[in-house]
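Structural characterization, general
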Amino acid sequence: MSSSSTSTGVGAIPIIHSRKPVTTLRIACESCKLQIEFQKPTSDHPDLAGTKWSSLQNTVGVRCWSCNAITHVDMQGRPKASDASERASPFGSRSLGTDENPASMAYYDELGVSATATAGEIKKAYYQLAMKYHPDKNGGDADAAERVQRISEAYQVLSDPKLRKQYNQFGKDDAGPEGGFVDPSSFFKAQFGGDRFVDIIGEISIAEDFKHAIETIDDDDKLTPEERAKRDAAQTEEKQRAREARVAKLVSNLIHKLSILTETDMDEKATKAFEQIVKMEADELKEESYGVELLHATGYTYTLKAKQYLAGSSFGSYWHSMAEKAHVVSETVSTFKSAIDLQRSFSQLSEADKKGMAREEREKLEEAAAMRGLEALWKGSKMEVQSVLREVCDRVLGDKALSKEQARRRAVALKIVGQTYQAVPAKVEPSAPVSAGSK
């Protein structure tokens with residue numbers, strides 16, 4: 001930068017000459033790893049004077065101010081080395097992002113959270129937005145379906161510590177799950193237990209229902225009433241086939257699990273070992289999303305069915321049967337109430353739109369609707385899971401090919417599994433309605 005002390009006007013006023021603004025970029029030196037800053041390669045770059053622009057072949061060298069080593073970059077200032085992403089930001093003048101100051105805020109903005117948001121805050125924001133923009137709630141709005149896709153993508157990255165750190169450093173283009181993003185329905189399904197619970201409860205049908213809601217957004221307007229009825233009948237039949245296959249698989253899985261104990265002498269040593277195996281399994285499963293709630297719901301069903309069988313034809317069996325029916329009624333009423341509460345929230349939001357409610361008040365209503373929606377989804381899923389598991393237990397214990405002693409041994413083992421699952425201590429998560437599954 002040059003300067004001059006030329007006097008102009010009245011008195012001697014130092015004049016500093018300006019220069020044309022330039023874009024500076026930052027990278028890490030390939031050799032010493034120190035940060036180096038340089039002017040973006042352009043045809044009027046002072047260091048490239050006299051160089052034929054077309055001969056550069058999209059590569060220039062940048063000399064380090066500290067060690068004099070040369071780092072090759074492309075014409076956007078991005079390192080050409082294969083491991084460049086570990087040394088420099090792919091975003092030109094932006095340096096490497098940090099956890100406090102990410103290279104990109106796009107995903108955080110999508111979920112409406114800060115860069116320092118906790119895992120619980122991120123999960124809560126995702127649930128709220130997923131419910132707010134659910135296609136069923138938005139009348140098949142294509143924009144809502146697109147928003148669900150975006151918030152799902154954002155959550156997949158920010159909920160994974162490794163992907164979140166990569167995103168914070170390099171931004172959106174260089175952060176994503178291996179193999180690409182899953183579709184929203186599969187990811188939404190994963191929020192209730194994930195793959196770890198599939199061998200115990202199967203795949204909760206809410207996932208397919210959610211996927212169907214997105215895929216058939218435009219169908220209803222195109223089909224006649226007769227065509228819709230035919231489509232709905234076919235879907236009902238398909239659901240029944242899927243449930244039968246699900247129950248059959250879970251029966252096989254449960255028999256195999258119980259056989260770890262039933263195929264031994266079932267003495268004290270074998271029983272203790274089995275209890276320890278089940279406890280270790282429960283300790284891992286409880287860490288999954290809604291893990292504790294699912295363990296409690298599964299454990300309740302297993303224990304009730306085992307006690308009902310072991311009571312035989314006595315009054316105890318009748319009592320357990322009545323307890324089962326009372327539980328089903330209670331769960332149905334609770335789920336129905338959640339649905340009514342959710343509908344009431346949607347009605348309040350509709351009224352708010354008509355009256356022009358203040359933004360803060362509307363946001364409170366949206367948050368309440370989102371949490372009620374999640375509560376309704378969980379209760380509906382729980383009721384479905386326990387319905388399937390009751391059928392599974394009935395088949396496992398009611399197999400006519402078994403002797404009474406073999407069936408009794410299965411019931412004893414089933415009771416151990418159920419009570420161990422129920423004994424897992426509840427944990428409080430800000431995004432999960434703990435009371436919904438802790439019976």
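The structure displayed is predicted, hence computed values, not measured ones. (Residues numbered from 1 in each chain as written. Predicted model: local features only at pLDDT ≥ 70, side-chain atom pairs only at ≥ 80, totals over all residues. Heavy atoms only, no water.)

1. A few points about the packing of helix H11 (residues 291-310) against helix H14 (residues 404-422)
Relative orientation of the contacting elements H11 and H14 amounts to 150 degrees, with a least axis distance of 7 Å. Our classification of the angle between H11 and H14 gives roughly antiparallel. The two elements H11 and H14 meet at a crossing, and its hand is left-handed. Of the residues in H14, those touching H11 at Leu 295, His 296, Thr 298, Gly 299, Tyr 300, Tyr 302, Thr 303, Ala 306, Lys 307, Tyr 309 and Leu 310 are Lys 404, Ala 407, Arg 408, Ala 411, Val 412, Leu 414, Lys 415, Val 417, Gly 418, Gln 419, Tyr 421 and Gln 422. (Axes fitted to C-alpha atoms, helices over the stretch in contact; angles between N-to-C directions. Helix = DSSP H or I, 4+ residues; strand = E, 2+ residues; numbered from the N terminus. Parallel < 35°, antiparallel > 145°, perpendicular 65-115°, else oblique. Left-handed = near helix turned anticlockwise from the far one by under 90°. Contact = heavy atoms within 4.5 Å.)

2. Concerning the pattern of salt bridges
Applying the stated criterion to the full structure yields 15 salt bridges. The shortest N-O distance in the salt bridge between Glu 110 and Arg 147 comes to 2.7 Å. With Glu 110 in helix H1 (residues 106-111) and Arg 147 in helix H3 (residues 142-158), the pair connects residues that are 37 residues apart, well separated along the chain. In this structure, Glu 244 and Arg 395 form a salt bridge, with 2.9 Å as the shortest nitrogen-oxygen distance. Of this pair, Glu 244 sits in helix H9 (residues 225-262) while Arg 395 is found in helix H13 (residues 359-397), placing the two residues 151 residues apart along the sequence. Its relative accessible area of 39% is what places Glu 244 among the partly exposed residues. Through salt bridges with shared partners, one network takes in Arg 243, Glu 244, Glu 391 and Arg 395. (Salt bridge = Lys/Arg side-chain N within 4 Å of Asp/Glu carboxyl O. Buried < 20%, exposed > 50% of the residue type's maximum accessible area, 1.4 Å probe, protein only.)

3. Quick look at the packing of aromatic side chains
All chains considered together, the criterion is met by four aromatic pairs. A centroid spacing of 4.7 Å and a plane angle of 35 degrees characterise the contact between Tyr 107 and Tyr 167, whose relative ring orientation is tilted. On the criterion of sequence distance, the pair formed by Tyr 107 in helix H1 and Tyr 167 in helix H4 (residues 161-170) is long-range, its members being 60 residues apart. (Phe/Tyr/Trp six-rings, centres within 6.5 Å; stacked < 30°, edge-to-face > 60°.)

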